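# Fold and geometry: a report
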Amino acid sequence: MKKLTLSLFTTGLSFLLIGCGGGTNKSTDKMSSDTIAPTEVLKAQLRSVQGKGILFGQHDALSYGIGWNAARDGIFDRSDIKTVTGSHPALFSWDLGHIDDTMNLDSVPFDSIRAYIIHAYKIGGINTISWHERNPITNENAWSKPDSTTNVHNFIPRGSKVELFNQKLDKVAAFLNSLQIDGKKIPVIFRPWHEMDGSWFWWGNDNCSHDDYKALYRHTINYLRSKGVDNMVTAYSPDRNFFTEEEYLQWYPGDDIVDIVGMDNYSDFTEHKLDDIVKKLEIVVEYAKKHNKIPAMTECGSERLAIDNWYTTNLLKVITATEKTRQIAYAQVWRNHRMEHFYVPFKGHTQEQDFVTFANDSHIMLLDKFNQFKAEK
Ligand code: BMA
């Protein structure tokens, strides 16, 4: 695949890039996909919205919602967001946790995930993938506590157990390489080892040294690339545990390997610390600007929408708070799994109208608006 140099993205040619990656413009699709690496197209799309609109996304949006499950019920192309607003989200999030099995950790078949990713891409959306993987030594889930014989240091960078980890990476590589339409790879955001500043995952703060974390991240990306994965844009996303740029960067694996700098944040919303969220987003955005990265709110939400009219009074407020926060390319919430665990209002929910107001806000882009934006470029 031929690659253009970065300077092209700042010239008039950038309009070429924006229209592709989703079937909105056939002639530019052909030209750009033949000449430009898919990852560069994806990055250019993300950059193109910065300051103009914030893409909105949800995890597992096409897989299930409240009262339905696509694989179980034979449904395709539904999302609770579309049912409520008339449009799918612009960003679709997925997870490759338990890659050794036929279904992921949330019981979504990997074959279905592949089909949803391809569909999301065809209709103009952007896909992002996280990886809640089991500890490769113990095979216990992502939330298991390792000891000194099972922590990351035992397999990275050249620990004796590295083969166990590489076997999982081989499966991820096969999956990412299989994301194709007519033999052409689909670009995706890959966001492994997130929320490392907390200690709830085996790769988290108390369970893994900063150096081991960086080595883990670098090995993951480099190994996948060595297996032919050339369609991933990478993301770094700590949780909320930072107040300065220096703290934010404690696990940062390097500018050479990260494309998107983000933050996951649920707890500051729960604790009504909206000013803190704004400050933290600004730290992320400032870093992105200085280092030519793409800033994003990689995860957030209010579980069960416990906060009244959360979308307009909380999310919209913080992401549009300042010129800097408005620079984030996207914000995504977690899944609509069940009545005790959902993040987007479903039909009949008391915050349905609030979500419609949020979706219609001039700063927010669901899929329809994103496609219109690309078409007008
Ligand atoms: C968490 C919860 C879990 C889920 C995990 C990975 O936030 O939604 O139920 O297994 O994410 O998707």
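Everything numeric in this text was worked out from a predicted model, so none of it was measured.

Judged by how many residues are buried, strand 5 (residues 126-131) sits mostly within the fold: six of six residues are covered. Burial along strand 5 is two-sided: Ile126, Thr128 and Ser130 facing one way and Asn127, Ile129 and Trp131 facing the other are all buried. When strand 4 (residues 91-95) meets strand 5, the two strands line up parallel, connected through five bridges. The residue of strand 5 that forms the bridge with phenylalanine 92 is asparagine 127.

On to the site of the ligand, then. Every residue close to the ligand is listed here: Leu105, Asp106, His132, Trp143, Trp334, Arg335 and His341. In the environment of the ligand, an oxygen atom lies 2.5 Å from a nitrogen or oxygen atom belonging to the side chain of aspartate 106. A distance of 3.0 Å separates an oxygen atom of the ligand from a polar side-chain atom of tryptophan 334. Computed on the free molecule, the ligand has an accessible area of 310 Å², of which 74% lies beneath the protein chains in the complex. When its residues are assigned to classes, the shell around the ligand shows three nonpolar, two polar and two charged.

On to the environment of proline 157, then. Looking at where proline 157 falls in the secondary structure, it is placed in the loop between strand 5 and helix 7 (162-177). Separated by 62 residues in the primary sequence, proline 157 and histidine 219 have C-alpha atoms spaced 7.1 Å apart. Excluding residues that lie within four positions of it along the chain, proline 157 makes contacts with Val162 and Ala215.

Next up on the list: the pairing of strand 1 (residues 54-59). Most of strand 1 sits inside the fold, with six of its six residues counted as buried. Side chains Ile54, Phe56 and Gln58 project from strand 1 onto one buried face, and the interleaved Leu55, Gly57 and His59 project onto a second face that is buried too. Where strand 1 meets strand 13 (residues 364-365), two bridges bridge the pair, whose relative direction is parallel. Bridge pairing links isoleucine 54 to isoleucine 364 in strand 13. In this structure, strand 1 lies alongside strand 12 (residues 330-333), joined through four bridges in parallel fashion. Residue glycine 57 lies in a different strand from strand 12, and its bridge partner there is glutamine 332. Relative to strand 4, strand 1 runs parallel, the two being bridged by three bridges. The partner of histidine 59 across the bridge, within strand 4, is serine 93.

Turning to helix 6 (residues 110-122), a few remarks are in order. Under the 1.5 Å per step criterion, the end-to-end length of helix 6 is 18 Å for 13 residues, consistent within 8% with the ideal 18 Å. Among the residues of helix 6, those classed as buried are Phe110, Ser112, Ile113, Tyr116, Ile117, Ile118, His119, Ala120 and Tyr121. Lining the buried residues of helix 6 we find helix 4 (70-73), strand 4, strand 5, helix 7, strand 6 (180-181) and strand 8 (188-192). Note on helix 6: the residue one or two positions beyond its end, glycine 124, has a positive phi of about 105 degrees.

This part covers unusual backbone geometry. Phi at aspartate 182 takes a positive value of approximately 50 degrees, unusual for a residue other than glycine. Within the fold, aspartate 182 resides in the loop between strand 6 and strand 7 (184-185). Aspartate 182 gets classed as exposed once you look at its relative accessible area, which sits at 76%. Despite not being glycine, glutamate 195 shows a phi value in the positive range, around 55 degrees. Inspection of the secondary structure puts glutamate 195 in the loop between strand 8 and helix 8 (210-226).

Basis of the calculations
- Residues numbered from 1 in each chain as written.
- Predicted model: local features only at pLDDT ≥ 70, side-chain atom pairs only at ≥ 80, totals over all residues.
- Heavy atoms only, no water.
- Buried < 20%, exposed > 50% of the residue type's maximum accessible area, 1.4 Å probe, protein only.
- Helix = DSSP H or I, 4+ residues; strand = E, 2+ residues; numbered from the N terminus.
- Pairing = 2+ DSSP bridges.
- Near = heavy atom within 4 Å.
- Polar contact = N/O pair within 3.5 Å; in protein donor to acceptor, adjacent residues only side chain to side chain.
- Areas by Shrake-Rupley, 256 points an atom, 1.4 Å probe, with all protein chains shown as cover.
- Nonpolar A, V, L, I, M, F, W, Y, C, P; charged D, E, K, R; others polar.
- Contact = heavy atoms within 4.5 Å.
- Expected span 1.5 Å × (residues − 1).

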